[in-house]
Amino acid sequence: MEAHLLQGLWAPDNHQQHAQALEYLQQLRESADGWRMCGATLTNGGPQLDDKVKFVCLQVMEHHARNRYAAATPEEQVHFRQHLSQWMTALCMCTDPEKVFIQNKTAQLMSLVFVVDYPTRWPSFITDLLSTLSLGPHAVQLYLRTLMAIDTEVVDREIIHSQAESDRNTRIKDTMREHGVLELTNSWYDILVKYEKSHPELVCHCHDVIGAYISWIDISLIANDRFVCKLVDHLKEPLLREAAADCIHEIITKGMDPVTKTQLIESFVTVLDQAGVLKPVDDDDSDFLVKLARLINGIGVQLILSWQKLDKKESEKREMVRQAVENKVNLLLTFMASEYDDISAAVFDFARDYIQVGT
């Protein structure tokens, strides 16, 4: 690969050089061997390569993964995976953390291969990914980014999928529930414990991953003593509490039976109240208070939704849920009374729904 020809991509003022660079990039994308050259450049050059060259190589490999990889020969697919695995290992073991945009592009590339190869051609994908965690913090960061990229490809409801893609995604999730999710959740807990003091950014990222995956995994894997206690502990830590609040919000908004939802929320509220985090009167961190207000809003809205879903004949259950709602009104008023607009606005949905229920 002639990396020097790519330098013109970042010289838009030199029109001739820029045009030549764009032409060469397109040749790499369209060439049957472009991905081979880029893969070899990454694995031979390693993290010491120029960032621009790395990004272009990953772009070319991404283009191949999106457009040709699924129809490639088994030998070509094995070769592609080898390049990708070697590059992942190099990033995990490098002394300095890789640039975020390189990590994200690598994670995206991993996710594109995952949706094609898992579970048929690469059944050990999750196990192989988990095995990188022993390589240290850089590996953990790339692991978490890869999981978020997989969520984007497989679960993200904002992305419109074809019927074939939806069926594929369902098969992937079903297989992961049977063979991979337990190991994933165990790894998340280990990350929360191991890095909460030394690398808070990793713990916050792990909170994000849990919040993303909770929508389709068994909630009992997360809504249990060890995870809840750890999440509550993190609500007391200035560097962790915003992400922890968002994570708990995603847990309580997971779809489930109204009574089960109410019981889950009530158990969370009890633990949070005992920990003293629901009424941080003296806290002047407005960013965290917005997150906490959003959590209170989610609690109220979800309880009201649960009450509305119950049949009117189920009077005892409805009364139980209605009482749970009433018990949260003081929290609602506390945040509504905030002098900061962002904090009070965060509980408006709860206030509106509560007023509508009462009318």
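Going by the annotation in an unreviewed UniProt entry, the name recorded for the protein is Exportin-T, with Petrolisthes cinctipes given as the source organism. Per UniProt, the protein carries the Function (unreviewed entry) text "tRNA nucleus export receptor which facilitates tRNA translocation across the nuclear pore complex." Quoted straight from UniProt, the Sequence similarities (unreviewed entry) entry for the protein says "Belongs to the exportin family."

S.K.: Please provide a residue-by-residue account of the overall build of the protein, values included.
M.R.: The number of helices and strands found in the protein is 18 helices and zero strands. When contacts within the protein are restricted to residue pairs at least 6 apart in sequence, those whose partners lie at least 24 apart make up 69%. Only carbon and sulfur atoms are counted for the fraction: they give 50% of the accessible area of the protein, which is about 17500 Å². Averaged over its 35 positive side-chain charges, the protein has a centre that lies 4 Å from the centre of its 52 negative ones.

S.K.: Give me the UniProt feature "domain: Exportin-1/Importin-beta-like" (unreviewed entry) in the protein: which residues, what numbers.
M.R.: With numbering matched to this structure, UniProt assigns "domain: Exportin-1/Importin-beta-like" (unreviewed entry) to residues 101–248. Between the C-alpha atoms that bound residues 101–248 there is a distance of 28 Å. The span itself is 71% helix and 0% strand.

S.K.: Quick one: what's the story with the environment of Trp35, residue by residue and with numbers?
M.R.: Within the element layout of this structure, Trp35 appears in helix H2 (residues 34–45). On the accessibility criterion, Trp35 (2% relative accessible area) is buried. Along the primary structure Trp35 and His138 are separated by 103 residues, whereas in three dimensions their C-alpha atoms are 25 Å apart. With sequence-adjacent residues up to four places away left out, Trp35 is seen in contact with Leu28, Val60, Met61, His64, Glu76, His79, Phe80 and His83. A polar atom in the side chain of Trp35 sits 3.2 Å from the backbone oxygen of Ala32.

S.K.: I'd like a rundown of the packing of aromatic side chains, residues and numbers included.
M.R.: One pass over the structure, following the stated rule, counts nine aromatic pairs. With centroids separated by 5.2 Å and ring planes inclined at 50 degrees, the aromatic side chains of Tyr69 and Phe80 adopt a geometry described as tilted. Taken together, the positions of Tyr69 in the loop between helix H3 (51–67) and helix H4 (74–93) and Phe80 in helix H4 put the pair eleven residues apart, joining distant regions of the chain. Given a relative accessible area of 0%, Phe80 falls into the buried group. Here Arg318 stacks its cationic end above the ring of Trp307, 4.1 Å away from the centre of that ring.

S.K.: Lay out helix H12 (residues 241–252) with the relevant residues and their values.
M.R.: Taking 1.5 Å as the rise per residue, H12 with twelve residues should run 16 Å; its terminal C-alpha atoms sit 16 Å apart, in good agreement. Across the twelve residues that make up H12, a large majority, ten, are buried. Those residues of H12 that sit buried are Arg241, Ala243, Ala244, Ala245, Asp246, Cys247, Ile248, His249, Ile251 and Ile252. Taken together, the buried residues of H12 touch helix H10 (200–213), helix H11 (225–234), helix H13 (258–274) and helix H14 (286–309).

S.K.: Describe the environment of Phe227, listing the residues and the values that go with them.
M.R.: One can find Phe227 in helix H11. Accessibility expressed as a relative area gives 0% for Phe227, which makes it buried. The sequence separation of Phe227 and Leu192 amounts to 35 residues, and the corresponding C-alpha distance is 9.0 Å. What Phe227 contacts, discounting residues up to four positions off in sequence, is Thr185, Trp188, Tyr189, Leu192, Ile210, Leu221 and Ile222.

S.K.: Can you lay out the environment of Val53 for me, pointing to particular residues and giving the numbers?
M.R.: Tracing the sequence through the fold places Val53 in helix H3. By relative accessible area, which is 5% here, Val53 ends up buried. A C-alpha to C-alpha distance of 8.8 Å links Val53 and Thr41, two positions twelve residues apart in sequence.

S.K.: Break down the packing of helix H7 (residues 137–154) against helix H9 (residues 181–194) for me, citing the residues and quoting the values.
M.R.: Contact geometry of H7 with H9 gives a least axis separation of 12 Å together with a crossing angle of 135 degrees. As far as their axial angle goes, H9 and H7 are oblique. When you trace H7 past H9, the crossing you get is left-handed. For the pair H7 and H9, contact is made by Val140, Tyr143, Leu144 and Leu147 and by Leu184, Ser187, Trp188 and Ile191, respectively. In the contact of H7 with H9, the residues fall into seven nonpolar, one polar and no charged.

S.K.: Any details on the side chain of Glu62? Residues and values, ideally.
M.R.: One can find Glu62 in helix H3. Looking at Glu62, its side chain comes within polar contact range of the side chain of Lys105, at 2.7 Å. Sequence-distant contacts of Glu62, defined by excluding residues within four places in its chain, comprise Lys105, Gln108, Leu109 and Leu112.

The rules we used
- Residues numbered from 1 in each chain as written.
- Predicted model: local features only at pLDDT ≥ 70, side-chain atom pairs only at ≥ 80, totals over all residues.
- Heavy atoms only, no water.
- UniProt positions renumbered as here; feature names shortened; annotations may be inferred.
- Helix = DSSP H or I, 4+ residues; strand = E, 2+ residues; numbered from the N terminus.
- Contact = heavy atoms within 4.5 Å.
- Areas by Shrake-Rupley, 256 points an atom, 1.4 Å probe, with all protein chains shown as cover.
- Lys, Arg positive; Asp, Glu negative; His and termini not counted.
- Charge placed at Lys NZ, Arg CZ, Asp CG, Glu CD.
- Buried < 20%, exposed > 50% of the residue type's maximum accessible area, 1.4 Å probe, protein only.
- Polar contact = N/O pair within 3.5 Å; in protein donor to acceptor, adjacent residues only side chain to side chain.
- Phe/Tyr/Trp six-rings, centres within 6.5 Å; stacked < 30°, edge-to-face > 60°.
- Lys NZ or Arg CZ within 6 Å of the ring centre and 35° of its normal.
- Expected span 1.5 Å × (residues − 1).
- Axes fitted to C-alpha atoms, helices over the stretch in contact; angles between N-to-C directions.
- Parallel < 35°, antiparallel > 145°, perpendicular 65-115°, else oblique.
- Left-handed = near helix turned anticlockwise from the far one by under 90°.
- Nonpolar A, V, L, I, M, F, W, Y, C, P; charged D, E, K, R; others polar.

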